[in-house]
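# Fold and geometry: a report
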Amino acid sequence: MINIEDRRNNRGLPIPPLFQLLTLLRFYGTSNFQIVNGDLRRIHQSTVSRIITRLSKIMASNAKHHVHFPRNVDEWKVVQVKFYKMYKMPGIGGCIDCTHIKIQNPGGPDLEAFRNRKGYFSLNVQAVYCGPSMEFMDIVVRWPGSYHDSFIFSSSYANKYFDERTHNMLLLGDGGYACKTYLFTPLRNPVTPPELKYNKAQIRTRNIIERVFGVWKRKFPCLQRGLANAPSTIVNIIIACAMLHNISRKYQNADDDSDDEEDILEEEYGEYNDDNNILGPAARSAYIVRHFS
């Protein structure tokens with residue numbers, strides 16, 4: 001017979017803020033479901049869900065203090081020098097690429113917009129700018145998985161920011177982007193020695209962003225497993241994880257830096273075709289002549 005007086009629980013008691021934060025970080029840092037995280041500390045799944053929703057929103061609202069472009073000329077010069085030391089490409093200020101974060105079936109009339117080309121539902125998350133220290137400088141988290149990388153970039157603040165050329169820096173992207181005067185992509189069919197040297201340097205330098213995505217998802221396995229939260233909470237979780245990644249890099253928690261550097265395979269989409277775009281390829285050709293001849 002069960003003694004009613006022995007039925008002890010924490011119902012009605014507030015959960016300490018530090019305990020809530022640790023619950024959130026455990027969810028980010030493991031691939032466990034919310035109910036598992038709750039069972040470990042005798043917290044109901046619905047309470048865990050509310051903690052994740054509320055704290056992720058708070059963290060995401062503060063991400064601008066930790067995820068941002070260089071704020072002055074001196075900071076830009078530091079980034080440029082670091083990139084040049086990698087594979088001798090001058091004038092590079094960052095790399096750009098997208099990665100898919102798996103989500104549950106969102107339902108509704110627009111659900112197929114979230115189905116990516118590999119067949120699962122996702123958000124196509126763009127790291128608009130990534131420094132050689134493996135930190136995010138800007139991140140776009142709002143587009144369904146079926147949207148093309150080039151479209152996401154053309155609709156982003158970073159496109160306008162680099163187009164203005166106030167800092168005179170270049171971005172490196174893969175063949176899924178249109179070659180622009182401020183965004184250089186690999187050559188589809190390099191022939192001459194300078195073109196071959198450029199392609200090799202471009203691909204190896206841009207590989208940094210692929211490594212960042214790998215480090216980021218290993219540090220926060222919830223992004224690798226996929227997210228089943230409400231859409232707005234999913235966005236906040238991704239932004240919060242980017243912010244925490246940058247904080248980790250700032251304090252040099254570089255335990256995941258042991259990745260082997262390998263050339264990424266070319267090309268996922270083939271070269272982006274834009275018959276009206278002549279200034280980008282011309283600027284790229286001039287760059288190759290200046291620095292790789």
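Residues numbered from 1 in each chain as written. Predicted model: local features only at pLDDT ≥ 70, side-chain atom pairs only at ≥ 80, totals over all residues. Heavy atoms only, no water.

## Things to note about the nonpolar core
Here is the rule: Residues enter a nonpolar core if they are buried and are Ala, Val, Leu, Ile, Met, Phe, Trp, Tyr or Cys, with the set joined through side-chain atoms within 4.5 Å. The buried label goes to any residue with under 20% of its type's maximum accessible area, the exposed label to any with over 50%, and the partly exposed label to all in between, with areas taken from a 1.4 Å probe on protein chains only. In this description, contact between two residues means that some pair of their heavy atoms is separated by no more than 4.5 Å.
Counting 76 residues, the largest nonpolar core has Tyr 28, Phe 162, Trp 216, Leu 223, Leu 227 and Ile 238 as the members making the most contacts within it. Beyond its immediate sequence surroundings of up to four residues, Trp 216 is in contact with Thr 99, Ile 101, Phe 136, Ile 139, Leu 223, Ile 238, Cys 241, Ala 242 and His 245.

## Re the confidence of the model for the chain
Stated formally: For every residue, the pLDDT score states the predictor's confidence, bounded by 0 at the bottom and 100 at the top.
Counting all residues, the mean pLDDT for the chain is 84, and 83% of those residues have values of 70 or more. For the stretch residues 1-8, pLDDT sits under 50, and the model shows two contacts to residues farther than four places along the chain or on other chains.

## Here's the deal with the sheet that holds strand β2 (residues 122-130)
Here is the rule we go by: Being paired, for any two strands, means DSSP has found at least two bridges between them. Under the DSSP-based scheme used, a helix requires at least four consecutive residues in state H or I and a strand at least two consecutive residues in state E, with every element numbered from the N terminus. Think of each axis as a best-fit line through the C-alpha atoms, taken over the contacting stretch in the case of a helix, with angles from 0 to 180 degrees between the N-to-C directions.
On the basis of which strands lie adjacent, the open sheet formed by five strands has the order β3-β2-β1-β4-β5 and mixed pairing. The open sheet has two edge strands, β3 (136-144) and β5 (183-184), and neither has a second partner. Note that strand β4 (residues 170-172) and β5 share two bridges and pair parallel. Across the sheet, the residue bridging to Leu 171 is Leu 183, located in β5. Contacts between helix α7 (residues 193-219) and the sheet are confined to β1 (92-102), β2, β3, β4 and β5, with β1 contributing the most and set at about 45° to the helix.

## Looking at the environment of Gln 224
With respect to the helices and strands, the residue Gln 224 is situated in helix α8 (residues 221-225). Between the alpha carbons of Gln 224 and Gly 214 there is a distance of 9.4 Å; along the sequence they are ten residues apart.

## Describing helix α10 (residues 279-292)
Operational definition: Expected span of a helix: the number of residues minus one, times 1.5 Å. What the arc measures is the spread of directions leading from the helix axis to the C-beta atoms.
With 14 residues, α10 extends 19 Å from end C-alpha to end C-alpha; this agrees with the ideal 20 Å at 1.5 Å per step. Inspection of α10 places Gly 280, Arg 284, Tyr 287, Ile 288 and Phe 292 among the buried residues, and these make up the whole buried set. The arc that holds every buried residue of α10, seen down its axis, measures 100°, which confines them to one face. Within α10, the exposed residues directed more than 90 degrees away from the buried face are Leu 279, Val 289 and Arg 290. Where the residues of α10 are buried, they touch β1, β4, β5 and α7.

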